[in-house]
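Remarks on the overall topology
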Amino acid sequence: MYTDMAFFIISSVSLVILLALGTFFSASEMAFSSLRRARVNSLEELSGKKGRRAKLVAHMYDEQFDRVISTLLILNNTVAIAAATLSATLFVRLIGEWGYLFSTIVISAIVVIFTDVFPKSMAKEQPERIALAVAPIIRFLMALLRPINFVVLKIRNRLSKAFTTDESEVSEDEQSMRGQELIYMVEEAANDGAIDSENSTLITNAITFNDFAAWDIVTPRVDMVSVPHDADMATVAEIFIESGYSRLPVYETSPDHIKGVIHIRDFLKYMVASGESGSDSLNEIISPAVFTVTSAKVSDILALFKDSHSHMAIVTDEYGGTEGIVTMDDILERLVGDILDESDEAVEDFVEIGEGKYKVLCSAYVADMFAHLDIKAESESNTVCGWIMDVLRRIPEVGDSFIFENLSVTVTKTEARRAEECIVEIIESESETEGE
């Protein structure tokens with residue numbers, strides 16, 4: 001009788017200790033897996049014990065993360081197996097052969113709730129605090145299990161090489177998915193208040209930077225300001241003044257035959273030095289033009305600008321004609337938004353003129369309009385004008401209107417066979433109206 005009582009007490013105490021260890025290892029694993037590196041960086045700057053602990057955690061997270069997780073998983077699984085074995089033995093001694101079933105049900109419920117769900121939920125809410133508290137103990141356990149960890153990690157690395165795709169073989173779709181995962185992380189950080197909306201937009205634009213091509217940022221030929229190569233200096237000066245641009249493409253017979261580019265700096269220097277205004281003077285200050293294609297990625301165009309020491313590229317179409325131009329400003333604005341200088345007038349692409357009603361410039365990007373109106377739709381066109389033409393299947397005229405998804409669109413201004421301005425109204429569905 002005394003022996004049975006001693007066995008029961010020792011087994012019960014041992015089982016509680018094993019479950020407590022399982023809780024500790026689960027919480028520690030989740031804490032290190034959920035660490036916010038920026039938060040740890042800020043803690044490293046503190047003085048005293050907390051700062052030293054933060055540096056230890058940062059080192060373990062950056063340099064020994066695989067060993068940390070491996071150690072905790074090994075110990076957690078060992079504890080779980082030991083707890084299951086001990087509980088089975090204990091319940092068999094207490095209630096007989098049904099003890100195995102009873103042990104499986106009871107211990108499984110306890111393990112799931114108290115050594116998995118609860119500690120991991122707690123650790124995910126305050127990972128830095130828990131990581132700082134357990135770091136010294138984890139470091140000691142890592143040293144204790146160093147030989148086992150060495151073997152486990154070697155096996156894992158070999159299996160990883162066998163099943164992991166080489167970075168050079170990663171498809172564009174997989175790369176896009178990785179970028180989308182980063183965007184979701186940025187959005188979550190913005191929702192949590194970790195970063196503000198401006199930084200969120202900048203980071204998102206940087207992630208998607210290489211998804212854009214010249215076609216997405218091109219200034220079309222019809223909006224391109226250029227000068228003929230035989231224009232006199234007075235005419236060129238007038239165009240510089242009226243346009244406000246610092247660079248102008250120069251063409252021979254038509255804008256499809258770009259000869260080069262003139263910079264206002266070179267133009268003014270020549271005017272001051274020579275005082276000439278003859279038709280032949282322009283040829284002496286033309287710089288070679290840089291050319292690209294509509295499918296060129298923005299990152300490739302940026303590299304082209306750096307190599308050619310240029311800020312403007314002529315975009316050509318498949319027939320060798322001029323599609324438009326791309327400038328350094330266009331690339332920067334795709335990253336950080338519109339950049340206005342002293343001569344630019346602030347013009348908003350989307351102006352709310354009523355509840356759910358907007359005045360939209362048709363030169364705006366159609367994707368930006370859908371995002372601004374919170375509409376989940378896509379279009380093969382680049383601009384709102386192109387989108388309207390695709391829907392109407394003809395040249396738009398003032399008064400043309402159509403329904404797209406839950407949008408009512410009316411063309412209010414046209415010029416040169418294209419839409420300049422339209423009114424877009426969000427139509428409420430019947431269910432939304434009834435709900436109100």
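Described below are features of the structure shown in this document. (Residues numbered from 1 in each chain as written. Predicted model: local features only at pLDDT ≥ 70, side-chain atom pairs only at ≥ 80, totals over all residues. Heavy atoms only, no water.)

Some points on the overall build of the protein
Secondary structure summary: the protein contains 17 helices and 12 strands in total. A separation of at least 24 residues holds for 56% of the contacts in the protein among residues at least 6 apart in sequence. Of the accessible surface of the protein, which amounts to about 27000 Å², a share of 55% is contributed by carbon and sulfur atoms. (Helix = DSSP H or I, 4+ residues; strand = E, 2+ residues; numbered from the N terminus. Contact = heavy atoms within 4.5 Å. Areas by Shrake-Rupley, 256 points an atom, 1.4 Å probe, with all protein chains shown as cover.)

Here's the deal with the packing of helix α4 (residues 65-95) against helix α6 (residues 127-144)
Axis separation between α4 and α6 bottoms out at 10 Å; the angle between their running directions is 80°. Taken together, α4 and α6 sit at an angle that is classed as roughly perpendicular. Residues Arg 67, Val 68, Thr 71, Leu 72 and Leu 75 of α4 lie in contact with α6, whose contacting residues are Ile 138, Leu 141 and Met 142. Looking at the contact of α4 with α6 residue by residue, the classes come out as six nonpolar, one polar and one charged. (Axes fitted to C-alpha atoms, helices over the stretch in contact; angles between N-to-C directions. Parallel < 35°, antiparallel > 145°, perpendicular 65-115°, else oblique. Nonpolar A, V, L, I, M, F, W, Y, C, P; charged D, E, K, R; others polar.)

Description of the sheet that holds strand β4 (residues 258-263)
Within the open sheet, the three strands sit side by side as β2-β3-β4. Their pairing is mixed. Pairing within the sheet leaves two strands with one partner each, and these edge strands are β2 (227-228) and β4. As judged from the two bridges shared by β2 and strand β3 (residues 247-251), these two strands associate in the parallel manner. Within β3, the position partnered with Pro 228 by the bridge is Tyr 251. Helix-sheet contacts for helix α11 (residues 233-243) involve β2, β3 and β4, and the interaxial angle to β3 is about 135°. (Pairing = 2+ DSSP bridges.)

Some thoughts on the nonpolar core
In this structure, Phe 32, Val 57, Met 60, Val 68 and Ile 138 are the most contacted members of the largest nonpolar core, which totals 34 residues. Elements that contribute at least two residues to this core include exactly α1 (2-33), α2 (37-44), α3 (49-63), α4, α5 (99-125) and α6. Not counting chain neighbours up to four residues away, the residues in contact with Phe 32 comprise Val 57, Met 60, Tyr 61, Phe 65, Val 68, Ile 69, Ala 131, Val 134 and Ile 138. Formed by 24 residues, the second largest nonpolar core is a distinct cluster that contains Phe 350, Val 360, Phe 404 and Val 411. (Core = buried A, V, L, I, M, F, W, Y, C linked by side-chain atoms within 4.5 Å. Buried < 20%, exposed > 50% of the residue type's maximum accessible area, 1.4 Å probe, protein only.)

Remarks on the pattern of salt bridges
Taken as a whole and judged by the stated rule, the model has five salt bridges. One salt bridge in this structure joins Arg 394 and Asp 400, with 2.8 Å as the shortest N-O distance. With a shortest N-O distance of 3.6 Å, Arg 418 and Glu 420 are connected by a salt bridge. For Arg 418, a relative accessible area of 22% puts it in the partly exposed group. Salt bridges here are not isolated pairs; linked through shared partners, they connect Asp 223, Arg 418 and Glu 420. (Salt bridge = Lys/Arg side-chain N within 4 Å of Asp/Glu carboxyl O.)

Side note on the packing of α3 against α6
Where α3 contacts α6, the two axes come as close as 9 Å, and the packing angle between them is 55°. Here α3 is positioned oblique relative to α6, judged by the angle of their axes. Considering how the two elements wind past one another, α3 and α6 form a crossing that is left-handed. On α6, the residues that touch Lys 50, Arg 53, Ala 54, Leu 56, Val 57 and Met 60 of α3 are Ala 131, Leu 132, Ala 133, Ala 135, Pro 136, Ile 138, Arg 139 and Met 142. Partitioned by chemical class, the residues of the contact of α3 with α6 number 11 nonpolar, no polar and three charged. (Left-handed = near helix turned anticlockwise from the far one by under 90°.)

Remarks on a nonpolar patch on the surface
A cluster of nonpolar side chains, Met 5, Phe 8, Ile 9, Val 13, Ile 17, Leu 21, Leu 94 and Ile 95, forms an exposed patch at the surface whose accessible area comes to about 700 Å². Looking at the nonpolar patch, the elements that each hand over two or more residues are α1 and α4. Tracing the sequence through the fold places Val 13 in helix α1. What makes Val 13 partly exposed here is its relative accessible area of 45%. (Patch = residues over 30% accessible without salt bridge, like charges linked within 9 Å, V, L, I, M, F, W, Y side chains within 5 Å.)

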